[in-house]
Amino acid sequence: MVHKDSQSTTLLMQCESEDLSLQQKAAYEKAVENYEEMRNSLNDFFVKNGVEKIYTGNMFTAYQIVGATPDHDLAFAKELTSLVSVPPKPKLPKGYKKHSETPPQEEEDDDDDYVPLSKRLKQKHKEKSKSVSKSKSQSNVRPSENSAIGGLQIGVGDLKKKEPSAIVDLTKDDNNPKPTADSREVTFSKLQGKTFPSLVVVARPSLRSKDGSLNTDRPQLDAKVKTVLMHTPNKFTEWLIQQGLVKSEQTCNIHSGQSLKLGMYSDATKFPYSGGYVWISECCPNRFVSVFNGSIFEGAPHPPSVLLKLLYHWTCQTNVQNVIQWVKVDNLYVKSFYTWIRAVCTVALHKHGKILLGGSGKKIEVGVISLGTTTQDGQQRQVKVEVLGVLDPETKQLRLRAIEPLTDGERNYKKRFAKILEPLTSWVNKESTILTDLTVDKGTLNGMGYKYVTQISPTEANSRNSNANIMDYLRRIVPRMFQNTLSLLSRQIIQSFLDELVYREWFGTTQGQAFDNIVLHLSEQTRFDSKENLITRLNKVSSNPFKDYSGFAVASGGAKRMSKRR
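Rules and cut-offs
Residues numbered from 1 in each chain as written. Predicted model: local features only at pLDDT ≥ 70, side-chain atom pairs only at ≥ 80, totals over all residues. Heavy atoms only, no water. Helix = DSSP H or I, 4+ residues; strand = E, 2+ residues; numbered from the N terminus. Areas by Shrake-Rupley, 256 points an atom, 1.4 Å probe, with all protein chains shown as cover. Buried < 20%, exposed > 50% of the residue type's maximum accessible area, 1.4 Å probe, protein only. Axes fitted to C-alpha atoms, helices over the stretch in contact; angles between N-to-C directions. Parallel < 35°, antiparallel > 145°, perpendicular 65-115°, else oblique. Contact = heavy atoms within 4.5 Å. Phe/Tyr/Trp six-rings, centres within 6.5 Å; stacked < 30°, edge-to-face > 60°. Lys NZ or Arg CZ within 6 Å of the ring centre and 35° of its normal. Salt bridge = Lys/Arg side-chain N within 4 Å of Asp/Glu carboxyl O. Expected span 1.5 Å × (residues − 1). Arc of directions from axis to C-beta. Core = buried A, V, L, I, M, F, W, Y, C linked by side-chain atoms within 4.5 Å. Polar contact = N/O pair within 3.5 Å; in protein donor to acceptor, adjacent residues only side chain to side chain. Left-handed = near helix turned anticlockwise from the far one by under 90°. Nonpolar A, V, L, I, M, F, W, Y, C, P; charged D, E, K, R; others polar. Disulfide = S-S within 2.5 Å.

A. The arrangement of the overall build of the chain in detail. What the chain contains, in helices and strands, is 15 helices and 13 strands. Carbon and sulfur atoms make up 50% of the accessible area of the chain, which amounts to about 33500 Å² in all.

Put into structure tokens, the structure is as follows:
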């Protein structure tokens, strides 16, 4: 029907909307099904190949390739091309004029939800080019010690800001959660400059010093450490593996039970401190695990040779100021490293000291002292900690425990000694003959099951059945160790030094023995199979050295001689 007037000519047409036929509905549902199937296939493929989705829109979906290696980049691109088909260009109808390649700039629309088609096409092109350039740049990234799992962190960021995060605050007492003096630098009148109080404490063994063999093997130790430090990086790594200071076996933390293989990277400069050695796997070919993963070297801001020097100087008890000057490390890291080594001493005593001292017919000396601070006029005295000492005079095996004193409001004679003598049940055989003095309550010992107790008076201090040896040790050696720092240390730190002192009496009669044994016991903890890394475990031990750590068993197999795979 056509209407005409003087202004315009309008053509009005009538139409009716019809429902889709069964064939049309089936075709539409088939298209939707194909679309969903293709999208799910793409998602599954991307997830398996380490690709994450970063944007989903009406026009397109953007993905980002994460951690692809050069070896798999080409294969990945081929598989991706086979899955994604490029839609054909639409044919233009006759008489349609093709616009220029660069469409004219359109005005900004106030509606945020609406984006003009030309801008969407332009944005899609930019996103695609960004995604391609990003994937290319990531594929060109080579693995390195810093980026490897559990690797060293030498020269990464501001290390001085990162170091305190790995340190556990050991200055919080059980009843005093506020940090005390050891959390800051403290000036000592006898020292030049500032240092931490714990770096002033020196635990020197003395029970076997009369034998004259304390430092006889120092030249041999010096020669051995010097030889190791002169090794090339790959030889040095092999020595660490042979000693058990780094793991000889590694497993994938994603695929349970999948063992890694020790390989040598072609470009040794990417792993300069291991000489090119790195752990690789078939299940995760784009992941590299450092040989230092799970060891005391993990995440260290210094090369492994520096940490070995610190271990040597801890063994020889070198003056801390000389250590800082010679090894070129700050006192904060020395404090942290020495704290970890004392934690190794604690675990070693718990693990290897489970055999009860004494036995039927054998004598064990028991004594207690109170350590505290007094005012300058000597009128007021405050007990900081009470120390229980146990000694086998024949074998010269020693145990020490720092006990928190009871407060003034809860002082009770029986309660005090029950708390002090509690560790005896796990240290001393109940068939032993206990030699003690008036510093210990005999009735408490009898109540704990110790039937044979000989208690002497002060006038009998030098008799044959006295506890003179342990009391001399408690009154002479222990206070001298803390004479300048007792008021500045928490009970946890005091106990950790007592553990170090006992460790040196047990395993470090000479400096050479101390070095060999601390390497042995550190390797035991390195091989220990745990979900936590070594540094985290040692920090937990340092924060609570009173807990029983005898369950820190060693994984079977021990240190194994590694084999090269090039």
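Still to come is the rest of the account.
B. Looking closely at the environment of G449. Checked against the element boundaries, G449 lands in the loop between α11 (442–447) and β13 (452–455). Between the alpha carbons of G449 and K430 there is a distance of 6.3 Å; along the sequence they are 19 residues apart.

C. Representation of unusual backbone geometry. One non-glycine residue, Q317, adopts positive backbone phi at about 55°. Here Q317 shows up in the loop between α7 (304–316) and α8 (320–327). The class of Q317 is buried, set by a relative accessible area of 19%. Here the phi dihedral of K396 falls at roughly 60°; this positive angle occurs in a residue that is not glycine.

D. Local environment of the packing of helix α5 (residues 218–229) against α7. Packing of α5 against α7 leaves a shortest axis separation of 11 Å and a crossing angle of 175°. Viewed along their axes, α5 and α7 adopt a mutual orientation that is roughly antiparallel. Taken together, the residues of α7 that come into contact with α5 (itself represented by R218, L221, D222, V225, V228 and L229) are S305, L308, K309, Y312, T315 and C316.

E. Molecular detail of the packing of aromatic side chains. According to the stated counting rule, one finds 10 aromatic pairs in the structure shown. With centroids separated by 5.7 Å and ring planes inclined at 75°, the aromatic side chains of Y265 and F271 adopt a geometry described as edge-to-face. Residue class for F271 comes out buried when judged on its relative accessible area of 0%. The interplanar angle of 45° and the centroid separation of 4.9 Å between the aromatic rings of Y503 and F507 together place this pair among those described as tilted. Pair noted here: Y503 and F507 are both in helix α13 (residues 491–507), with a separation of four residues, about one helical turn. In terms of burial, Y503 and F507 fall into one category: buried. Through a chain of ring-to-ring contacts, three or more aromatic side chains come together here, namely Y265, F271 and F288. Lying over the aromatic face of F417, R416 brings its terminal NZ or CZ to 4.8 Å of the ring centre. Residue placement shows R491 over the ring face of F546; its charged tip is 4.2 Å from the ring centre.

F. Spatial organisation of the pattern of salt bridges. Applying the stated criterion across every chain, the model contains nine salt bridges. The partner of K235 in a salt bridge is E238, with the nearest N and O atoms 3.9 Å apart. Highlighted residues: K235 and E238, both in helix α6 (residues 233–243), separated by three residues, approximately one helical turn. The shortest N-O distance in the salt bridge between E500 and R504 comes to 2.9 Å.

G. Main features of α6. Along α6, the residues that are buried comprise N234, F236, T237, E238, W239, L240 and I241. On its buried face, α6 sits against α5, β7 (261–264), β8 (277–280) and α7.

H. Inspection of α5 at higher detail. Between its terminal C-alpha atoms α5 stretches 17 Å, which fits the 16 Å expected from 12 residues at 1.5 Å a residue. Within the sequence span of α5, burial applies to L221, V225 and V228. Looking straight down α5, one finds its buried side chains confined to an arc of 60°; they lie on one side. In this structure, α5 carries P219 and K226 as exposed residues pointing more than 90 degrees from its buried face.

I. Focus on the nonpolar core. Ranked by internal contacts, the top residues of the largest apolar core, which has 89 residues, are I296, F297, F337, L400, F482, L498 and I518. The greatest single-element share of this core, amounting to 12 residues, is contributed by helix α9 (residues 331–352). Residue contacts for L498: discarding those within four places in its chain leaves V387, L400, R401, A402, V478, M481 and F482. The next biggest cluster of nonpolar side chains, apart from the first, holds 18 residues, and it includes V368, W427, I434 and V453.

J. Spotlight on the side chain of E505. Residue position: E505 is located in helix α13. Side-chain polar atoms of E505 contact the backbone nitrogen of L207, separated by 3.3 Å. For E505, the contacting residues outside a window of four places in its chain are P205, S206, L207, R208, L398 and Y473.

K. Focus on the packing of helix α12 (residues 468–481) against α13. One way to put it is that α12 packs onto α13 with a least axis distance of 11 Å and a crossing angle of 120°. Classified by the angle their axes make, α12 and α13 are oblique. Like other packed secondary-structure pairs, α12 and α13 cross with a definite hand, here right-handed. Contact with α12, carried on its side by Y473, I477, V478 and M481, involves F497, L498, L501 and E505 of α13 and no other residues of that element. Split into classes, the residues belonging to the contact of α12 with α13 amount to seven nonpolar, no polar and one charged.

L. Representation of the environment of G150. By secondary structure assignment, the location of G150 is in the loop between α3 (117–139) and α4 (159–162). Note on G150: relative accessible area 14%, which makes it buried. G150 sits 138 residues away from F288 along the chain, and the two C-alpha atoms are 9.4 Å apart. When neighbours within four sequence positions are excluded, G150 is seen to be in contact with S290, F292, N293, E298 and G299.

M. Region of the structure containing the state of the cysteines. As enumerated under the stated definition, the model contains zero disulfides in all. Lacking any disulfide linkage, C284 is separated from the closest cysteine sulfur, that of C252, by 3.8 Å. Judged by relative accessible area, C284 falls into the buried class, the value being 6%.

N. How the structure looks around the side chain of N467. When you line up the elements, N467 lands in the loop between β13 and α12. With relative accessibility at 2%, the residue N467 sits in the buried group. One polar contact links the side chain of N467 to the main-chain carbonyl oxygen of V366, over a distance of 2.9 Å. Ignoring anything within four residues of it in the chain, the contact list for N467 reads E365, V366, G367, L435, T436, D437 and I456.

Don't take any of this as a statement about function, it's just geometry.
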